[in-house]
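A structural walkthrough
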Amino acid sequence: MNVLAKAADLEADAPAGAFVQEVTSVQHYTDRLFRFRMTRPASFRFRSGEFVMIGLMIDGKPLYRAYSIASPSWDEELEFFSIKVPDGPLTQHLQKIQPGDAVLMKKKPTGTLVNDALIPGKRVYMFSTGTGIAPFASLIRDPDTYEKFDQVILTHTCREVAELKYGLDLVEETRNDPLIGEYAREKLVHYTSVTREDYPFKGRITDLIENGKLFTDLGVPPLDPAIDRGMICGSMEMLRDTKALLEKAGLTEGANNKPAEFVVERAFVG
Ligand code: A2P
């Protein structure tokens, strides 16, 4: 079944409440991960770190999943980082998109992984696994993040080394970016670890927090609610376990209407 349509062909019968956008580039990293970029509607505004519903027309009906926007709010295009699930209702089709194809996007972005939901601090940790790095790809390219914190520590843990490539390319591009590079070179630290292959830094982020290796490797003191802030994005289990460790260290969870010391998001697709 071919569910992919050209953007120009779908525009006339866009589902209610959705934009029809055109894919501009696609990059495959592994058989489980890819990223795509698409046009951005002129009227579409969001805060770095938010997610939006992305979809395709399947059997004549729109099917959506939540995707974190990986591009910063100043970018003229939108970028997304996605898993590929062989029988995933959406991703089995989405992984086949090519430039020129149509992607649906609901009009309202939302989310808690935003700078506004954190109280000021010295250091912000962005804990991510797999495609959970996506909202942080947006936040580490946002000048507000660097204005708010002296140090920005992005941790990314994947099963395999090849899955780290999106983040490694992203951080290098960010450090060389004319707009944000100077901030990133001074304040951004990228900590990568791998769980199922040999790699200099091995282990789940939760284990590395618990046994203190993360802090020794970074040369920083253990988590301190007075100065440290956290943002967490990954699978449901990773969110739960990382959240428990931050709470154990004395940090409390915040929200848009009640900023505090850490925030949690769910941004995965099937
Ligand atoms: P592991 O290989 O030990 O399962 P996934 O692609 O399944 O979301 O996993 C991405 C990364 O997150 C993997 O390195 C995985 O480690 C790790 N991970 C899975 N569950 C947890 C958890 N509960 N806490 C921390 N990390 C986790």
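Residues numbered from 1 in each chain as written. Predicted model: local features only at pLDDT ≥ 70, side-chain atom pairs only at ≥ 80, totals over all residues. Heavy atoms only, no water.

Observations concerning the packing of aromatic side chains
The tally for this structure, following the rule as stated, stands at 13 aromatic pairs. Arranged with centres 6.2 Å apart and planes meeting at 85°, the rings of phenylalanine 19 and phenylalanine 44 form a pair that is edge-to-face. Note that phenylalanine 19 is positioned in strand E1 (residues 18-28) and phenylalanine 44 in the loop between strand E2 (33-39) and strand E3 (51-58), a separation of 25 residues in sequence. Just as phenylalanine 19 is buried, phenylalanine 44 falls in that class too. Taken together, the aromatic side chains of Phe34, Phe36, Tyr67 and Phe80 make up a single cluster linked through ring pairs. Across from the ring centre of tyrosine 64, 4.6 Å away, lies the NZ or CZ of lysine 106, which sits over that ring. (Phe/Tyr/Trp six-rings, centres within 6.5 Å; stacked < 30°, edge-to-face > 60°. Helix = DSSP H or I, 4+ residues; strand = E, 2+ residues; numbered from the N terminus. Buried < 20%, exposed > 50% of the residue type's maximum accessible area, 1.4 Å probe, protein only. Lys NZ or Arg CZ within 6 Å of the ring centre and 35° of its normal.)

Topic: the UniProt feature "domain: FAD-binding FR-type" (unreviewed entry) in the chain
On the UniProt side, "domain: FAD-binding FR-type" (unreviewed entry) is annotated at positions that read residues 16-116 here. Taken as a whole, residues 16-116 contains 4% helix and 46% strand, while its terminal C-alpha atoms sit 30 Å from one another. (UniProt positions renumbered as here; feature names shortened; annotations may be inferred.)

With respect to the pattern of salt bridges
Within the structure shown, the criterion is met by 15 salt bridges. What emerges from the salt-bridge pattern is a single network uniting Arg35, Arg37, Asp75, Glu77, Glu79 and Arg141. (Salt bridge = Lys/Arg side-chain N within 4 Å of Asp/Glu carboxyl O.)

Describing the site of the ligand
Every residue near the ligand is listed here: Arg32, Thr129, Thr157, Cys158, Arg159, Thr195, Arg196, Arg204, Thr206, Glu237, Met238 and Asp241. Between the ligand and the protein, one listed contact pairs an oxygen atom with a side-chain N or O atom of arginine 159 at 2.9 Å. Relative to its free-state accessible area of 550 Å², the ligand is covered by the protein chains to the extent of 83%. Broken down by secondary-structure element, the contributors of at least two residues to the shell around the ligand are strand E8 (151-158) and helix H9 (236-248). (Near = heavy atom within 4 Å. Polar contact = N/O pair within 3.5 Å; in protein donor to acceptor, adjacent residues only side chain to side chain. Areas by Shrake-Rupley, 256 points an atom, 1.4 Å probe, with all protein chains shown as cover.)

A few points about helix H5 (residues 165-175)
Of all the positions in H5, only Tyr166, Gly167, Leu170, Val171 and Thr174 are classed as buried. The arc that holds the buried residues of H5, viewed along the axis, is 125°, so those residues lie on one side. (Arc of directions from axis to C-beta.)

Some details on the pairing of strand E10 (residues 228-234)
Sheet faces and side chains relate simply in a regular strand, where the side chains alternate between the two faces. Most of E10 is tucked away, with 7 of its 7 residues classed as buried. Pairing between strand E7 (residues 123-129) and E10: 6 bridges, direction parallel. Within E10, the position partnered with phenylalanine 127 by the bridge is isoleucine 232. (Pairing = 2+ DSSP bridges.)

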